[in-house]
Each structure stands twice: as structure tokens, then as C-alpha cells.
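# Breakdown of the fold
Take a look at the letters that make up each chain.
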Amino acid sequence: MIVHRTVVRLGVRSVFGRWRGVLLLVLPVVLVAVAVLVRALVGQDEQAAETTMYGLGLVVVVPLVALLATSGLLAPEIDDGSIVYLLAKPVPRATIVASKLVVAFGCVLVFAAVPMLVAGFVLVTGRPAFALGFALGALAGGVAYSAVFAWLSVLTRHAVVVGLMYLLIWEGLLGGLMSGVRWLSVNRWSAEVVDHVTGASLVSRLPLIYAVLALVVSVVVFTWRTGTRLRRFNLTGDE
Amino acid sequence: MTEIRVEHASRWFRNVVALNDVSMTIGPGVTGLLGPNGAGKSTLIALMSGFLAPSAGTVTLDGEPLWRNESVYRHVGLVPEREALFDYLTGRQFVVACAELHGLPDPGAAAQRAIATIELTDAQDRAISTYSKGMRQRIKMASALVHDPAVLLLDEPFNGMDPRQRLHLMELLREMGAAGRTVLFSSHILEEVEQVARHIEVVVAGRHAASGDFGAIRRLMTDRPNRFVIRSARDRELAAVLLGDASVRGARLRPEGGLEVEASDFGRFSEVLPRLAREHGVRLLEVVPTDESLESVFSYLVSS
């Protein structure tokens with residue numbers, strides 16, 4: 001079995017049993033509220049709609065939802081050592097990671113992709129490809145972000161800080177200054193998917209096949225690395 | 001028979017050696033792992049539970065390596081020292097989840113049995129976040145017992161328990177040992193180990209200091225030279241009297257008052273001192289052991 005029901009159930013409780021759960025609810029509400037506001041103030045304007053969906057949705061909401069969901073799933077349990085109660089069981093570590101990621105992917109779907117779909121329909125009516133394209137890009141990007149952040153969670157105690165640095169410095173700052181960063185940016189890969197479905201031109205172009213492959217490879221590789229890292233989890237007590 | 005075998009295991013963290021060439025075999029029955037804080041007990045339990053790789057040597061359960069081998073957890077129950085648990089669950093939900101993760105056919109019934117065993121039925125539906133330290137310790141026990149393991153490893157299990165809970169857990173461990181399970185628990189308190197285990201392994205500063213029957217090791221500990229500071233009404237006269245007895249190796253008058261005595265036979269000395277003082281009309285004002293800390297006892301064991 002690739003996914004363990006109990007780990008998924010515990011994962012859901014873990015995400016929503018902490019303050020992060022509240023933030024997960026706030027982000028999509030803000031996105032939809034801003035979409036309503038833009039539509040009310042500007043009317044149906046594709047340029048404004050693209051700016052809102054990309055600038056707030058793909059750049060802010062999607063990675064933050066993935067970061068909040070993933071960091072709430074693994075990092076706290078590794079930090080306080082309670083993960084030992086999951087690991088001291090005859091369940092393959094890869095299954096534990098896969099089950100945790102299923103929860104993160106679910107969060108991305110519910111709190112990023114679906115709100116993007118709703119916001120897209122609010123901003124642009126009469127052209128479903130717009131909303132669907134952004135929702136698909138959000139889902140693809142969110143899943144890749146989750147795999148990357150899960151790996152960071154087992155790699156460092158400061159996964160949230162490192163994750164934010166990746167988002168702000170690599171994708172935000174350097175991504176704006178150096179066009180080459182787009183080859184190694186989850187945001188740009190997902191934006192390429194959006195561009196292809198909606199016909200928009202959000203950022204500098206990448207070959208679609210490269211963007212899709214990069215998304216798939218990053219999900220597979222970082223999920224696998226998270227599993228192997230968790231197999232080597234050390235419990236050294238307080239000595 | 002389930003047996004954990006540690007063979008020439010060492011573990012170092014960068015340039016700090018936590019365990020140094022330790023070899024021991026833990027078989028059925030209750031074994032106490034005794035050592036002062038920081039001696040390497042938790043490191044050893046982490047090695048035995050598959051949560052740490054030895055830097056050198058091997059650690060196996062019935063011949064199978066423990067490191068990177070999840071299947072061993074079908075036979076092993078672990079009670080770690082850390083208190084952190086899934087606080088957002090109730091005690092029952094936590095133990096049921098553990099039973100499910102073990103793939104038990106009836107997780108609910110198994111959880112109920114384990115919770116009843118550690119006498120936490122009344123509080124099982126409360127959130128773990130509301131549990132006292134002793135209750136957390138007990139729910140950890142329930143989670144380790146839920147799959148009826150052949151091997152139970154407990155890291156400082158009596159920490160935070162009140163005397164009644166402590167006695168109950170001691171009784172439980174004794175029963176499990178008598179039933180043929182392999183039970184190993186660590187403690188830095190001699191008396192705690194004495195009440196549960198006949199066999200003990202002593203670890204000091206990462207080294208395996210002693211192994212064997214508790215009585216023999218206890219005698220080794222108590223028969224070592226003991227130092228006392230004695231204050232009496234007539235120190236000089238008492239010193240002369242004590243030096244006449246075979247149990248006393250040396251006596252020295254302290255400049256600040258009082259008498260420093262080194263006894264070679266603790267048992268005999270404790271019986272002789274009051275008798276000699278009474279016979280010679282010397283009033284004892286104070287008798288203080290000066291090196292009774294567990295560390296000094298362990299240091300003696302290491303050097304002997």
C-alpha cells in the first residue's frame with residue numbers, strides 16, 4: 001500500500017490542529033476577496049485579472065499554502081521527536097512520506113487550486129479556460145512546492161525559513177533580475193502551464209515540455225529523497 | 001527467544017564519542033540499564049530500537065539488523081524519553097492509531113486492552129494535551145504495548161510518575177519479564193533498578209562498566225572504599241579507636257574540625273562505628289558520606 005489511511009488521518013489532524021490551519025483558511029479567502037474587489041472596481045479586464053491571479057495567486061497563495069501544509073505535517077513532529085511514534089511501526093518510511101504528501105496535495109487542491117478556479121471565474125466570465133488554466137497551474141505548482149518543502153522539512157529544523165528564502169530570494173528577487181532562474185523555478189514552471197492553457201504570457205517563456213517534465217521530476221525526486229532521509233532518522237535522546 | 005545483541009558497538013557524533021566499544025546481549029526477562037545522566041543510555045536504546053546507526057560494530061535483533069529495518073517494529077515496543085506526543089488526539093485515539101499502524105485486526109479492542117493495562121481508562125477520552133507528566137508516560141506505555149511486543153525498550157520510564165504509578169509500572173515490567181518477554185529499561189537511580197531487575201548493565205561515560213546480577217554489582221558498589229566526615233565530641237579519641245578496626249583503612253583529623261574516615265568495608269563499618277562510639281563513650285554528632293553520588297560509585301566500577 002502506497003498510502004496509509006491512519007497516517008493521512010493523523011496528518012489532517014496535525015495540519016488543522018495548529019495555528020497553521022487557520023492561515024490555510026485565510027489565504028484563499030483573501031484571494032477570492034481581492035478577486036471580487038478587482039472585478040467590482042475594474043470590471044472584466046483580462047490584464048488586471050492576469051496580474052491579480054499571477055501576482056497574488058501563483059506567487060503568494062500557492063507557495064504559502066504548500067509551505068504551511070507541508071511544514072505542519074513533518075517539521076513539528078521531527079522537531080519535538082513525536083515522529084518516533086509513526087516511525088517505530090512496521091510501515092515503510094516511503095509510505096509515511098507519501099501519506100503525508102497526499103494531505104499536502106489535498107490542501108493545495110482545496111486551499112489553492114479551487115480558490116484559484118473561483119477567483120478566475122469571478123475575474124473573467126465567459127472564458128472558462130482562464131480559470132481552469134490558473135487552477136491547473138496552481139495545482140501543478142502547489143504539488144511540486146509541497147514535495148520540495150517536505151524534503152526541506154526532513155533536512156533542516158528551519159524548513160519554513162529556508163522555504164521562505166527560496167520563495168523570496170530565489171524566485172522573487174533573483175527570478176526578477178536573472179532570466180536564467182526560470183529554468184529552476186517552480187513558479188515559472190507552473191506559470192508556463194497557465195500560459196499554455198489560458199493563452200496568456202505571464203513570464204518569460206520556457207518550453208512547455210521542459211516545464212511539465214521539471215514539475216514531474218521535482219515531485220518524484222524530492223518525494224523519494226524525503227523518504228530516504230526519513231529512513232535515516234536519528235533518535236538520539238537528550239544526551 | 002528474542003534477543004538483542006550489541007557487538008562492539010561504538011557511536012560518535014563528530015568528535016564526541018557517545019558509546020565506546022559496547023558489547024552486551026539482552027535476553028528474555030527484565031534488564032536494567034543503569035548509568036548517570038549523559039552516560040550514553042539513550043544512545044544505546046536508540047541503537048537497540050533502530051533509530052541510530054552504530055558508527056562501528058553491529059546491533060541485531062535475533063540476527064536481523066535493527067537499523068533501516070522497519071519490519072523489526074512488529075516485535076519491538078519503544079517508550080522514548082521525550083515527552084512530546086500527538087497532543088491534538090485523545091489518549092484512546094492515539095493508541096488506536098498506533099494499533100492501526102501495526103496492522104492489528106481489531107485496533108479498538110487492542111487499544112482498550114493496552115489502556116486498561118496501564119490503568120488509564122478513565123482519562124482515555126481526554127486530549128493528551130491535558131495529561132500530566134505521569135499520564136503521558138503511561139499513554140506512551142500503552143502505545144508501546146498495544147501490539148503485544150516480544151521486546152520492550154523503555155528510556156527512563158519512571159520519570160514523572162507518582163509513587164503509586166511507579167509501583168504499578170514496576171509490577172507490570174516484572175510480569176512482562178516473567179512471561180518471557182525481553183524488557184530493557186534505563187534509569188540513573190540505583191534503587192529504581194533494584195526493585196525491578198535482577199540483571200543489570202551499567203554504562204558510564206559511554207563505556208560498558210559492569211554487567212550481571214544486581215546483587216553482585218550492588219556488593220561491588222557498596223564494598224568499595226567509602227569516605228565519611230564524622231563530627232563527634234572527641235574526634236582524636238574516635239580516630240584512634242576506629243583505626244583499630246579492620247574495616248577502616250585510614251582516618252585524618254581535619255583542620256576545620258571533624259574526622260575524615262575511609263572505610264574499606266562499608267557493611268562492617270556501618271555496624272562497627274556506632275558500637276565503638278558507644279563503648280568508648282564518644283558522642284557522634286554527624287556522619288556524612290562524602291562520595292555517595294552515583295557518579296562516584298560508577299567511577300569506582302569503571303576503574304575496578
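Residues numbered from 1 in each chain as written. Chains lettered and ligands numbered in written order. Predicted model: local features only at pLDDT ≥ 70, side-chain atom pairs only at ≥ 80, totals over all residues.

Next up on the list: the overall build of chain B. When you go through chain B residue by residue, the secondary structure sums to ten helices and 14 strands. Looking at chain B as a whole, 40% of its 304 residues qualify as buried. When contacts within chain B are restricted to residue pairs at least 6 apart in sequence, those whose partners lie at least 24 apart make up 68%. (Helix = DSSP H or I, 4+ residues; strand = E, 2+ residues; numbered from the N terminus. Buried ≥ 20, exposed ≤ 12 C-beta atoms within 10 Å, placed from the backbone. Contact = placed C-beta atoms within 7 Å.)

When helices and strands are counted, chain A shows ten helices and zero strands. Reading chain A from its N end, one meets helices and strands in the order α-α-α-α-α-α-α-α-α-α. What you see for chain A is a C-alpha radius of gyration of 18 Å, in line with the 18 Å of a compact globule of 239 residues. The buried share of chain A, reckoned over its 239 residues, is 51%. Considering only contacts within chain A whose residues lie at least 6 apart along the sequence, 80% involve residues at least 24 apart. (Rg over C-alpha atoms; globule rule 2.2 N^0.38 Å.)

Here we come to the sheet that holds strand β10 (residues 207-213) of chain B. Residues and elements named next belong to chain B. Here we have six strands laid out as an open sheet, ordered β6-β7-β8-β3-β9-β10, and mixed in their pairing. Both outer strands of the open sheet, β6 (76-79) and β10, are each paired with one neighbouring strand and no more. Ignoring strand direction, the axes of neighbouring strands in this sheet form an average angle of 15 degrees. Relative to strand β8 (residues 182-187), strand β7 (residues 151-154) is paired through four bridges, and the arrangement is parallel. Residue leucine 153 lies in a different strand from β8, and its bridge partner there is leucine 184. Taken strand by strand, helix α4 (residues 133-145) contacts β6 and β7, and its axis lies near 170 degrees from that of β6. (Pairing = 2+ DSSP bridges. Axes fitted to C-alpha atoms, helices over the stretch in contact; angles between N-to-C directions.)

Another aspect to go through is the confidence of the model for chain B. Residues of chain B with pLDDT of at least 70 account for 92%, and the chain-wide mean is 89. Per the prediction output, this complex has pTM 0.81; the corresponding ipTM is 0.85. (pLDDT = per-residue confidence, 0-100.)

So, on to the sheet that holds strand β13 (residues 259-263) of chain B. The strands making up a sheet are joined through hydrogen bonds of the backbone, oriented either antiparallel or parallel. All names here are of chain B. Spatially, four strands are ordered β12-β13-β11-β14 in an open sheet, and the strand pairing comes out antiparallel. In this open sheet, the two edge strands, each paired with only one partner strand, are β12 (248-253) and β14 (284-289). Neighbour-to-neighbour, the strand axes of this sheet turn through a mean angle of 20 degrees, independent of strand direction. Direction of pairing for β12 relative to β13: antiparallel, over a ladder of five bridges. Across the sheet, leucine 253 pairs through a bridge with leucine 259, a residue of β13. Sheet strands in contact with helix α8 (residues 235-243) are β11 (226-232), β12 and β13, and its direction is about 165 degrees off that of β12.

Take helix α5 (residues 163-178) of chain B next. Residues and elements named next belong to chain B. End to end, α5 covers 22 Å across 16 residues, agreeing with the expected 22 Å (1.5 Å per residue, within 8%). For α5, every residue scored as buried is listed here: Leu169, Leu173, Met176 and Gly177. Take α5 and look down its axis: the buried residues cluster within an arc of 100 degrees, on one side only. Away from its buried face, by an angle of more than 90 degrees, α5 presents the exposed residues Pro163, Arg164, Glu171 and Ala178. Here the buried face of α5 lies against β3 (29-34), α4, β7, β8 and α6 (190-196). Two residues or fewer past α5, glycine 180 is found with a positive phi of approximately 95 degrees. (Expected span 1.5 Å × (residues − 1). Arc of directions from axis to C-beta.)

On to helix α9 (residues 266-279) of chain B. All names here are of chain B. A rise of 1.5 Å per residue sets the reference length of α9, with its 14 residues, at 20 Å; its end C-alpha atoms lie 20 Å apart and thus fit the reference within 8%. If you look at α9, its biggest bend is around 30 degrees, right at valine 272, and the proline proline 274 turns up within four residues after that. All of the buried residues along α9 are Phe269, Leu273 and Ala277. (Bend = angle between axes of the 7 residues up to and from the residue.)

Once that is clear, we can look at the nonpolar core. Counting residues in each nonpolar core, the largest one holds 149 residues, and the members touching the most others are Val65, Ala69, Ala104 and Val108 of chain A together with Val95 and Ala142 of chain B. Looking at which element gives the most residues to this core, the answer is helix α7 (residues 128-155) of chain A, with 18 residues. Sequence-distant contacts of valine 95 of chain B, that is, excluding residues within four places in its chain, are made with Ala111, Ala114, Ile115, Ile139, Ala142, Ser143 and Val146 of chain B. By size, the runner-up hydrophobic cluster in this structure holds twelve residues, among which are Ile230, Leu238, Ala251 and Ala263 of chain B. (Core = buried A, V, L, I, M, F, W, Y, C linked by C-beta atoms within 7 Å.)

Across a regular strand the side chains alternate sides, sitting on one face of the sheet and then on the other. All names here are of chain B. Of the pairings in the sheet, the one linking strand β1 (residues 4-13) to strand β4 (residues 56-61) comprises five bridges and is antiparallel in character. Residue pairing across strands places valine 6 opposite valine 59, the latter belonging to β4. Of the pairings in the sheet, the one linking β1 to strand β2 (residues 16-26) comprises seven bridges and is antiparallel in character. Counted as the bridge partner of isoleucine 4 is isoleucine 26 from β2. Where β1 hands over to β2, the hairpin turn is made up of two residues, of which arginine 14 adopts a positive phi near 50 degrees.

With 30 residues of chain B at the contact, the number on the chain A side is 25 residues. Element by element, the count of residues in the side of chain B that touches chain A is highest for helix α2 (residues 91-101) of chain B, at four residues. Considering only residue class, the side of chain B that touches chain A consists of 15 nonpolar, eight polar and seven charged. (Nonpolar A, V, L, I, M, F, W, Y, C, P; charged D, E, K, R; others polar.)

Quick look at the packing of helix α6 (residues 93-123) of chain A against helix α10 (residues 208-231) of chain A now. Residues and elements named next belong to chain A. Between α6 and α10, the least distance of the axes is 8 Å, while the angle of their chain directions is 130 degrees. By the criterion of interaxial angle, the relationship of α6 to α10 is oblique. In this structure, the crossing between α6 and α10 has a hand that is right-handed. Contact residues: Arg93, Ala94, Ile96, Val97, Ala98 and Leu101 in α6; Thr223, Thr226, Gly227, Leu230 and Arg231 in α10. Residues that form the contact of α6 with α10 fall into these classes: six nonpolar, three polar and two charged. (Parallel < 35°, antiparallel > 145°, perpendicular 65-115°, else oblique. Left-handed = near helix turned anticlockwise from the far one by under 90°.)

Considered domain by domain, chain B is made up of domain 1 (4-221) and domain 2 (223-303). Domain 1 of chain B and domain 2 of chain B are separated by 39 Å when their C-alpha centres are compared. (Domains from an automatic or database assignment.)

Moving on to the environment of glycine 137 of chain A. Residue and element names in this part refer to chain A. Along the chain, glycine 137 turns up in helix α7. For the pair formed by glycine 137 and alanine 48, sequence separation is 89 residues and the distance between their alpha carbons is 18 Å. Apart from the residues within four sequence positions on either side, glycine 137 is in contact with Leu58, Ser190, Ala191, Val193 and Val194.

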